[in-house]
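Below, each chain spelled out in residue letters.
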Amino acid sequence: MSIDSSAPLPSLPTDEPGAPLPELGLRVLLIDDGAHRVQLIREELVRRGCEVVGVIEQATLIHDCVLRLKPDVVIVDSESPTRDTLENLATLSAQLPHPVVMFSEDASSAPMHRALKAGVSAYVVAGLQPERLASVLQVAIARFEQDLALRQELSRAQAQLSARKGIERAKGILMSELGLDEDAAYKRLRRLAMDRGQALAEVAERIIDAQSLLRPG
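Residues numbered from 1 in each chain as written. Predicted model: local features only at pLDDT ≥ 70, side-chain atom pairs only at ≥ 80, totals over all residues. Heavy atoms only, no water.

Asker: Honestly, the overall build of the chain in this entry has me stumped. Any pointers?
Answerer: For the chain, the helix and strand inventory stands at seven helices and six strands. Along the chain, helices and strands appear, N-terminal first, in the series β-β-α-β-α-β-α-β-α-β-α-α-α. Counting across all 217 residues of the chain, residues that qualify as buried make up 39%. Surface exposure of the chain reaches about 12300 Å², of which carbon and sulfur atoms provide 52%. (Helix = DSSP H or I, 4+ residues; strand = E, 2+ residues; numbered from the N terminus. Buried < 20%, exposed > 50% of the residue type's maximum accessible area, 1.4 Å probe, protein only. Areas by Shrake-Rupley, 256 points an atom, 1.4 Å probe, with all protein chains shown as cover.)

Asker: Got a minute to help me understand the pattern of salt bridges in this structure?
Answerer: It is possible for side chains of opposite charge to pair when their charged atoms get near one another. Tallied over the full model, the rule gives 12 salt bridges. A salt bridge links Lys 171 to Glu 168; the nearest nitrogen and oxygen atoms lie 3.3 Å apart. Here the residue Lys 171 and the residue Glu 168 both occupy positions in helix H5 (residues 133-178), the gap between them amounting to three residues, near one helical turn. We classify Lys 171 as buried; its relative accessible area is 7%. When the shortest N-O distance is used, the salt bridge between Arg 191 and Asp 195 registers 3.8 Å. With Arg 191 and Asp 195 both in helix H6 (residues 182-196), this residue pair falls four residues apart, about one helical turn. (Salt bridge = Lys/Arg side-chain N within 4 Å of Asp/Glu carboxyl O.)

Asker: Hey, could you run me through the packing of H6 against helix H7 (residues 200-214) in this one?
Answerer: When two helices pack together, their arrangement is given by the angle between their axes and by how far apart the axes lie. The N-to-C vectors of H6 and H7 enclose an angle of 105°; their axes lie 9 Å apart at closest approach. By the angle between their axes, H6 is roughly perpendicular relative to H7. Judged by residue contacts, Tyr 186, Leu 189, Arg 190, Leu 192 and Ala 193 of H6 engage Leu 200, Val 203, Ala 204 and Ile 207 from H7. Its residues placed into classes, the contact of H6 with H7 shows eight nonpolar, no polar and one charged. (Axes fitted to C-alpha atoms, helices over the stretch in contact; angles between N-to-C directions. Parallel < 35°, antiparallel > 145°, perpendicular 65-115°, else oblique. Contact = heavy atoms within 4.5 Å. Nonpolar A, V, L, I, M, F, W, Y, C, P; charged D, E, K, R; others polar.)

Asker: For this particular structure, what's the right way to read the packing of H5 against H7?
Answerer: Between H5 and H7, the least distance of the axes is 8 Å, while the angle of their chain directions is 50°. It follows from the interaxial angle that H5 and H7 lie oblique. In terms of crossing hand, the pair formed by H5 and H7 is left-handed. Listed contacts from H7 to Ala 163, Gly 166, Ile 167, Arg 169, Ala 170, Ile 173, Leu 174 and Glu 177 of H5 are Leu 200, Ala 201, Ala 204, Ile 207, Ile 208, Gln 211 and Ser 212. (Left-handed = near helix turned anticlockwise from the far one by under 90°.)

Asker: Could you clarify how one ought to interpret the pairing of strand S4 (residues 73-78) in this entry?
Answerer: Two faces make up the sheet, and in a regular strand the side chains alternate between them. Of all six residues making up S4, six are buried, and the element is well covered by its neighbours. Both faces of S4 are covered, namely the face carrying Val 73, Ile 75 and Asp 77 and the face carrying Val 74, Val 76 and Ser 78. The pairing of strand S2 (residues 27-33) with S4 spans six bridges and is classified as parallel. Bridge assignment links Leu 30 to a residue of S4, and that residue is Ile 75. In this sheet, strand S5 (residues 100-104) lies alongside S4 in parallel orientation, the contact comprising five bridges. Along S5, the bridge assignment pairs Val 76 with Met 102. (Pairing = 2+ DSSP bridges.)

Asker: Please clarify how the confidence of the model for the chain should be interpreted in this entry.
Answerer: A low pLDDT score tells you not to read the predicted coordinates there in detail. Mean pLDDT for the chain: 84, with 86% of residues reaching 70 or above. Within the chain, helix H2 (residues 62-69) carries the highest mean pLDDT (94), whereas strand S1 (residues 2-4) carries the lowest (41). Confidence drops under a pLDDT of 50 for residues 1-22, and excluding neighbours within four residues, the segment shows 40 contacts in the predicted structure. (pLDDT = per-residue confidence, 0-100.)

Asker: Explain the nonpolar core to me, please; I cannot follow it from the model alone.
Answerer: Buried together is how nonpolar side chains tend to be arranged in soluble globular proteins. Counting residues in hydrophobic clusters, the biggest one holds 22 residues, and the most contacted among them are Leu 29, Ile 62, Leu 89 and Met 102. Residue assignment for this core shows that the elements contributing at least two residues are S2, strand S3 (51-56), H2, S4, helix H3 (83-95), S5, helix H4 (109-117) and strand S6 (122-125). When residues of this core are assigned to their parent elements, the largest contribution, four residues, is made by H2. Non-local contacts of Leu 29, meaning those with residues more than four positions away in its chain, are made with Val 53, Gly 54, Val 55, Ile 62, Cys 65, Val 66, Leu 69, Pro 71, Val 73, Val 74 and Ile 75. (Core = buried A, V, L, I, M, F, W, Y, C linked by side-chain atoms within 4.5 Å.)

Asker: For this particular structure, what's the right way to read H4?
Answerer: Because the α-helix completes a turn every 3.6 residues, residues three or four places apart line up on one side. Of the positions making up H4, those classed as buried are Pro 111, Met 112 and Ala 115. Viewed end-on, H4 has its buried residues packed into an arc of 105°, placing them on one side of the element. The first or second residue beyond H4 is Gly 119, which carries a positive phi of 105°. (Arc of directions from axis to C-beta.)

Written as structure tokens, this is what we have:
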């Protein structure tokens, strides 16, 4: 998600004057990537009832700090996202996914696309408006949760497809080795799974491994 704070943002409303501030109650890790506005962000987070669990400048510490401090969200304050920061955010996204918000002064499309590819949930351009911080965080977390659900669904679908392919291959081995037809091979496979208390896909994998040992190549 890319946000230009110089343009109207109907989906990210500012607070009404005099209205009570919504309590976010989030644990936040701040990354100072060169813009040096971390203190302003920190003050606004505290006003919103957030706990700033750490402030770091070295991109290489991102993964370890997230693992140790367990923040709910990571905020990166950047003039323009550096290569080291993006590489470490990509590692974080792959190994320990978390919502990441990046404030940047670089409005060009290339760094924005690189940031989103690295797993940034919200890329906010052209200045930091503290009154919008809460809304940006809420949208970023919602976006992250939606993306994570899609990734998990894709992973499950891929696992199911892989299991089906393995079962079909194991059936083919049984048909070839034992002279069974397809139905009989499936029944034999299912019986083996029941006798061993294992999933059908696990037994299929064992059959495939056994054939690979007996007939390499």
